[in-house]
Amino acid sequence: MTWGIVGTRLAQLGGADPRLLPKVPAAKGKFIQMGLVLISTAGLAVLSMSFALIDALKAPWFIAVLLGFAWGFVILNLDRLLIQNLRSNGGAWQTIMMILPRLAIAALLGLVIATPLVVRVFQSEIIANVNEANAQAANTLGATRAESPESKRLAQVNAKITTDEGIMAGNVPGLTSPNVQTAGNALKQAETALVAKRTAAQNAYDQMICERDGVRCHGASGKKGKGERYDSLKRLYDIAAADLATAQESRDNAQKALDAANKSAVQSNQQSLNTAQQQAKTELPGLYTERQQLQQKIAALTADDSKVVGADTGMLARIEALHRIGQENSSAKWAHYAVAALLFMIELLPVMVKLLTSIGPPSLYDRISVLDDNSTIDEATRRRHEERRRIERESKKQREIEEDMQAREKKLGVRGNAHVEKEMEKILDVALADWSRQVQRTLHNRNGNGSSNGAGHPGPIPAQPPTHTSRSPYNLPPTSTL
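Residues numbered from 1 in each chain as written. Predicted model: local features only at pLDDT ≥ 70, side-chain atom pairs only at ≥ 80, totals over all residues. Heavy atoms only, no water.

(A) Focus on the nonpolar core. The biggest cluster of nonpolar side chains holds 14 residues, and the ones touching the most others in it are V118, F122, I126, L322 and L343. Mapped by element, the contributors of at least two residues to this core are α2 (28–57), α4 (92–121), α5 (123–146) and α10 (315–328). Ignoring anything within four residues of it in the chain, the contact list for F122 reads L322, A335, H336 and V339. Formed by 12 residues, the second largest nonpolar core is a distinct cluster that contains L76, A106, V351 and L355. (Core = buried A, V, L, I, M, F, W, Y, C linked by side-chain atoms within 4.5 Å. Buried < 20%, exposed > 50% of the residue type's maximum accessible area, 1.4 Å probe, protein only. Helix = DSSP H or I, 4+ residues; strand = E, 2+ residues; numbered from the N terminus. Contact = heavy atoms within 4.5 Å.)

(B) Representation of α2 within the structure. Counted at 1.5 Å a residue, the expected span for α2 with its 30 residues is 44 Å, and the 43 Å between its end C-alpha atoms agrees. Remark: K58 follows α2 within two positions and exhibits a positive phi of approximately 55°. (Expected span 1.5 Å × (residues − 1).)

(C) Spatial organisation of the packing of aromatic side chains. Enumeration according to the criterion identifies 3 aromatic pairs in this entry. Ring geometry for W334 against Y337: centres 5.7 Å apart, planes inclined by 85°, an arrangement best described as edge-to-face. Here W334 pairs with Y337, and both are found in helix α11 (residues 330–358), just 3 residues apart, close to one helical turn. For W334, a relative accessible area of 58% puts it in the exposed group. (Phe/Tyr/Trp six-rings, centres within 6.5 Å; stacked < 30°, edge-to-face > 60°.)

(D) Structural view of the side chain of T41. In this structure, T41 sits in helix α2. Polar side-chain contacts of T41 include one of 3.3 Å to the side chain of D79. T41 has contacts with D79, I346, E347 and P350, leaving out every residue within four places of it along the chain. (Polar contact = N/O pair within 3.5 Å; in protein donor to acceptor, adjacent residues only side chain to side chain.)

(E) Examining the side chain of D372 more closely. Tracing the chain through its elements places D372 in helix α12 (residues 364–453). Look past the residues within four positions of D372 in its chain and what remains in contact with it is R19 and L20.

(F) Molecular detail of the pattern of salt bridges. This structure, assessed with the given rule, holds 13 salt bridges. D404 is the salt-bridge partner of R408, the closest N and O atoms lying 2.9 Å from each other. Taken together, the residues R408 and D404, both in helix α12 and 4 residues apart, mark about one turn of the helix. You can call D404 partly exposed: its relative accessible area is 38%. The network of salt bridges with shared partners includes E379, R382, R383 and E386. (Salt bridge = Lys/Arg side-chain N within 4 Å of Asp/Glu carboxyl O.)

See below:
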């Protein structure tokens, strides 16, 4: 194989007719360039499909590349089909109606091919946003699970277990005193303060982590690493954590005070304590079993939810993440648009180049191509006329043969009828002569008998002589008449 053959094949890929290239050598270079452009767009299609299969479907790389080449071959054929015979031969409207469908198809192909490539370019930002969105979805789903019948029942069971365990420890509800009421109110206040401090500490921790990881959540700057803003958020978290520890200690002290007050109240009514403890001792085993079953069921549902949310990393999720990034950051949005437009225009390049070259007067190659097409049409017309004349000659010949055959059959029929007529005349003459002899014999016998006995009874007269009956010219008379 030589480079000349390779160039011819590239030119043929670009839409050239190999038969016409020797007549217009200057056009070969343009068609080679068009062939290289088609290969380039097909190569982008290979990359696009490979990235889409790897990122969205988690396909093995060798399968993704194999299917990517198949997709690139399809795009190569479609692009080549779109540029075939794209030349302005009519008026403006005819040219527009010829261009618009090709341009629309090329634009659709460009959009489909460019999208996976754009997603791959912004992959790191997209993955971070997808993880954040999945985390938020998991939190929302967890809050929804907290309102499920299983979760509500688990809360009731835990409350009952806590009550019964308190009774077993000597804290019996209903056995109260002013000290118990005071300690209970103090515990409620301590628990309320503890919840508030825990929420504040959790928010401070989330802000600190988002700032450290560079994730755009809770007002983070989006810069990954430990900078000044991270140090400031770290100090706020340390303060919130210290407040949480203090609130936890206050709550524990309030609980101890309540336990002491309940113990003092219980000691004043030992019989009620014994009855409540016996009942709690009976209820606790069943409550423990029910709690374990509910926890296992909720854990299974939570695991399923985590799998569903964690698996939402496909192409659609990545495209939505790219859109969210653009909404949050205008620079990212314009960068997305610029890269997408670049890849889109590369995919449109074959059709756009062909459209631009088709505007204006026809090139030398186009004029020779039109002449070649006209010559092909003229040759086909000539062959069609020759074939028609050959068919007409064959038809005329067959018709003359049939007419000659009919004439000969007629002549043979006339001769047969004449021959039959002669034969019939001979047969009729013989029959008449025979009949005449029979008549004479009958008359003679009658005369002889009459002279001997004098009787005048005449004998039977022979039958009528045979008449000439109409027959087919090809039928002979019966043998009895001969």
